[in-house]
Amino acid sequence: MKILKEKEYKVTGFLVSAVRCGIKKKAGAKDLALIYSEVPASAAAVFTKNAVKAAPVILDMERIKSGKGRAVIVNSGNANACTGDDGLKKAKEMAKGIAKALKIKEDTVYVSSTGVIGEPLPVDRITSSIPELIQGLKPDAWKDAEDAIMTTDAFSKMAGVKVEIGSKEVTLLGIAKGAGMIHPNMATMLCYIATDCAVSPSLLDKALRKAVDLSFNSITVDGDTSTNDTVLVLANGAAGNSPLTARSKDMEDFQSALNLVTLELAKMIVRDGEGATKVIEINVKGAASKGSAKKAANAIGRSNLVKTAFFGMDPNWGRIAAAVGYSGVKVVPEKMDIYFNDVQVVKKGLCVGGDWETRAREEMKGAEVRVTVDLNLGKAEATVWASDLTYEYVKINASYRS
């Protein structure tokens, strides 16, 4: 498997474009992107589980049932959420405009929006920019598209790989946005993955759900989940491989490649957590079940007390033990071990003593820190990635709308 560099970011049969349509307040900032498959593609997606869903999510959830797709249009600066029937009408207008311009079926066009919730979407700015968006389509404009979908993001999030499927070289390329309102079941994040692999909609759906469970549903920044979250993948088969079959070596290789792309993007989102200075990898092992391990790891990752301790580089392991204790999973305190990287701080529920604090504090100085909690109750384990919680997070979110 080959990891792609940015200059190699293109996928056979896909064209992308980005323009400024004037929704973002920042002068000159691109805020409208288009991803287009030149041939019909299999499509799969997962969406937010928030009961309050944005208009584009409602529209896309219906369209994804077909398992087919040709294009995705995305605007930033306005979420088109909590906008009622008018919001749904405007989402459809976006799709209709793209379908007409590209001469494709309207129900193969997906729509996404991200930004401020509750404000009417200035859809005329979008539809009037469609001709420029179509004219700018090219195979290597992924960076432009990524810039156009960002909101509070501090840096671009792109990842791609090439993998041999049968005798053909297949490419998977993903872009994502997200920095705040990040928690399992997704959050204020959008992700689009294009691949030239030939794979049926049903197998693509299964592969995507596995990948998302290991990546986007295993990260947390602030415990909030949003209204617009979408992860969508289009597979157009332009690489010319024989269609993937279940439980084959080729399917395993494709799954591994998809896992790699989604996990890399997910880690970038945590690294870019609003105001974040650290990525905390939380591994809970020795649990009675995989579900229990994931539940305990999530409890640690979303604890504000744990997150602030990491910001202050305070190895306060008691906060970690407490989070495991209230997580609801089976735990026997007298069996629990805790490590900061490779430094053990707790053995069988008790502080190890000695110079543990000095050694642990030194480990916490890094930009990435691993916490391991061994429950010593079974063989199951799970990993979650979290950011620390800083003063800057409060500043960003105290004035987000203004």
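All residue numbers refer to position in the chain's written sequence, counted from 1. Whole-chain, interface and lining totals are the exception, using all residues; otherwise, since this is a predicted model, local features are given only for residues with pLDDT of at least 70 and side-chain atom pairs are given and counted only at 80 or more. The basis for the side-chain values is all heavy atoms of the structure; hydrogens and waters are excluded.

### As for the overall build of the protein chain
Okay, step 1: Each helix is a run of DSSP H or I of at least 4 residues and each strand a run of E of at least 2, with the numbering of both proceeding from the N terminus. A tally of helices and strands in the protein chain yields 12 helices and 16 strands.
Okay, step 2: Taken over C-alpha atoms, the radius of gyration is set against a globule rule of 2.2 Å times the number of residues to the power 0.38. Here the protein chain has a C-alpha radius of gyration of 22 Å; the compact-globule value for 402 residues is 21 Å, and the two agree.
Okay, step 3: Per-residue accessibility, obtained with a 1.4 Å probe over protein chains only, is compared with the maximum for each type, and a residue is labelled buried under 20%, exposed over 50%, and partly exposed between these values. Looking at the protein chain residue by residue over its 402 residues, the buried ones come to 56%.
Okay, step 4: Taking all contacts inside the protein chain whose residues are at least 6 apart in sequence as the whole, residues at least 24 apart take part in 80%.
Okay, step 5: Per-residue and other accessible areas were derived by the Shrake-Rupley procedure at a 1.4 Å probe size, with only the shown protein chains allowed to occlude residues. If you sum the accessible surface of the protein chain, you get close to 16800 Å²; carbon and sulfur atoms cover 51% of it.
Okay, step 6: Charge assignment: positive for Lys and Arg, negative for Asp and Glu; neither His nor the chain ends contribute. We put the charge of a Lys on NZ, of an Arg on CZ, of an Asp on CG and of a Glu on CD. Once the 55 positive and 47 negative side-chain charges of the protein chain are each reduced to a mean point, those two points are 3 Å apart. Contacts: residue pairs with any heavy atoms within 4.5 Å of one another.

### Here's the deal with the packing of aromatic side chains
Okay, step 1: Any two of the Phe, Tyr and Trp rings considered here, Trp counted by its six-membered ring, make a pair once their centres fall within 6.5 Å; the pair's planes then place it as stacked at under 30 degrees, edge-to-face at over 60, or tilted in between. With the rule as written, the count across this model stands at two aromatic pairs.
Okay, step 2: Considering the side-chain rings of Phe310 and Phe340, the 5.8 Å spacing of their centres and the 15 degrees angle between planes classify their relative orientation as stacked. Residue Phe310 is located in helix α9 (residues 304-311), and its partner Phe340 is located in strand β12 (residues 337-340); the two are separated by 30 residues in the primary sequence. For the pair shown, Phe310 and Phe340 are each scored as buried.
Okay, step 3: Measuring from ring centre to ring centre gives 5.3 Å for Phe311 and Tyr391, while their planes differ by 90 degrees; the resulting arrangement is edge-to-face.

### Observations concerning α9
Okay, step 1: The set of residues buried in α9 consists of Val306, Lys307, Ala309 and Phe310. The buried residues of α9 occupy one face: seen down the axis, they fall within an arc of 160 degrees.
Okay, step 2: Of the residues flanking the end of α9, it is Met313, one or two places downstream, whose phi is positive at about 55 degrees. The arc in question is formed by the directions pointing from the helix axis toward the C-beta atoms.

### Considerations on unusual backbone geometry
Okay, step 1: Of note, the phi angle at Arg247 is positive, near 60 degrees, even though the residue is not glycine.
Okay, step 2: Following the sequence through the fold, Arg247 ends up in the loop between β10 (230-235) and α7 (249-271).
Okay, step 3: The exposure class assigned to Arg247 is exposed, which follows from its relative accessible area of 79%.
Okay, step 4: Here Met313, not a glycine, exhibits a phi torsion of approximately 55 degrees, which is positive.
Okay, step 5: Mapped onto the elements of the fold, Met313 is located in the loop between α9 and α10 (317-326).
Okay, step 6: Overall, the relative accessible area of 29% leaves Met313 in the partly exposed class.

### A closer look at a nonpolar patch on the surface
Okay, step 1: Together, Met1, Ile3 and Leu260 make up an exposed nonpolar region whose accessible area comes to about 290 Å².
Okay, step 2: Tracing the backbone through its elements, the reader meets Met1 in the segment before β1 (2-3).
Okay, step 3: Given the relative accessible area of 53%, Met1 is considered exposed. Like charges within 9 Å and nonpolar side chains (Val, Leu, Ile, Met, Phe, Trp, Tyr) within 5 Å are joined into patches, using only residues over 30% in relative accessible area that form no salt bridge. Whenever a carboxyl oxygen of Asp or Glu lies within 4 Å of a side-chain nitrogen of Lys or Arg, that contact is scored as a salt bridge.

### Overview of the layout of surface pockets
One way to see where empty space is left: roll a probe the size of a water molecule over the atoms.
Okay, step 1: Of the voids in this model, the second largest pocket is the one considered here, and its volume is about 320 Å³.
Okay, step 2: Taken together, 20 residues line the second largest pocket, and the ones lying closest to its centre are Ala45, Val46, Phe47, Asp205 and Arg209.
Okay, step 3: Taken together, the elements giving at least two residues each to the lining of the second largest pocket come down to β3 (32-47) and α6 (201-214).
Okay, step 4: Three classes are used: nonpolar for Ala, Val, Leu, Ile, Met, Phe, Trp, Tyr, Cys and Pro, charged for Asp, Glu, Lys and Arg, and polar for all others, with Gly counted as polar. When its residues are assigned to classes, the lining of the second largest pocket shows 10 nonpolar, four polar and six charged. The rule is simple: put a 1 Å grid over the protein atoms alone, call a set of points where a 1.4 Å probe fits but cannot get out a cavity, call an open set with protein on both sides within 12 Å along at least five of seven lines a pocket, and count a residue as lining if it has an atom within 4 Å of a point. Grid points are joined across faces, edges and corners, and a volume is the space filled by probe spheres set on the points.

### A look at the environment of Val170
Okay, step 1: Relative to the elements of secondary structure, Val170 occurs in strand β7 (residues 168-177).
Okay, step 2: On the basis of relative accessible area, Val170 is assigned to the buried category, the value being 0%.
Okay, step 3: In the structure, Val170 is positioned 131 residues away from Gly301 in sequence and 35 Å away in space, judged by C-alpha atoms.

### Some points on the pairing of strand β11 (residues 279-287)
Okay, step 1: Here β11 lies mainly inside the structure; seven of its nine residues are buried.
Okay, step 2: Should DSSP find at least two bridges between two strands, the strands are taken to pair. Summarising the sheet, β11 and strand β15 (residues 368-374) pair through seven bridges and their orientation is parallel. Residue pairing for β15: Asn283 is matched across the bridge by Thr372.
Okay, step 3: Bridge analysis of β11 against strand β16 (residues 380-387) gives seven bridges, and the strand direction is antiparallel. Paired with Ala287 across the strands is Ala380, a residue of β16.

### What to know about the nonpolar core
Okay, step 1: Residues belong to one nonpolar core when they are buried, are Ala, Val, Leu, Ile, Met, Phe, Trp, Tyr or Cys, and are joined through side-chain atoms within 4.5 Å. Among the nonpolar cores identified, the biggest contains 39 residues, and Leu172, Cys191, Phe216, Val231, Phe254 and Leu265 are the most heavily contacted of them.
Okay, step 2: Breaking this core down by element, the ones donating at least two residues are β3, β6 (157-165), β7, β8 (190-195), α6, β10 and α7.
Okay, step 3: What Phe254 contacts, discounting residues up to four positions off in sequence, is Ile165, Leu172, Thr195, Cys197, Leu204, Ala207 and Leu244.
Okay, step 4: One finds Ala287, Ala293, Ile338 and Val346 within the second-largest nonpolar core, a separate group that totals 33 residues.

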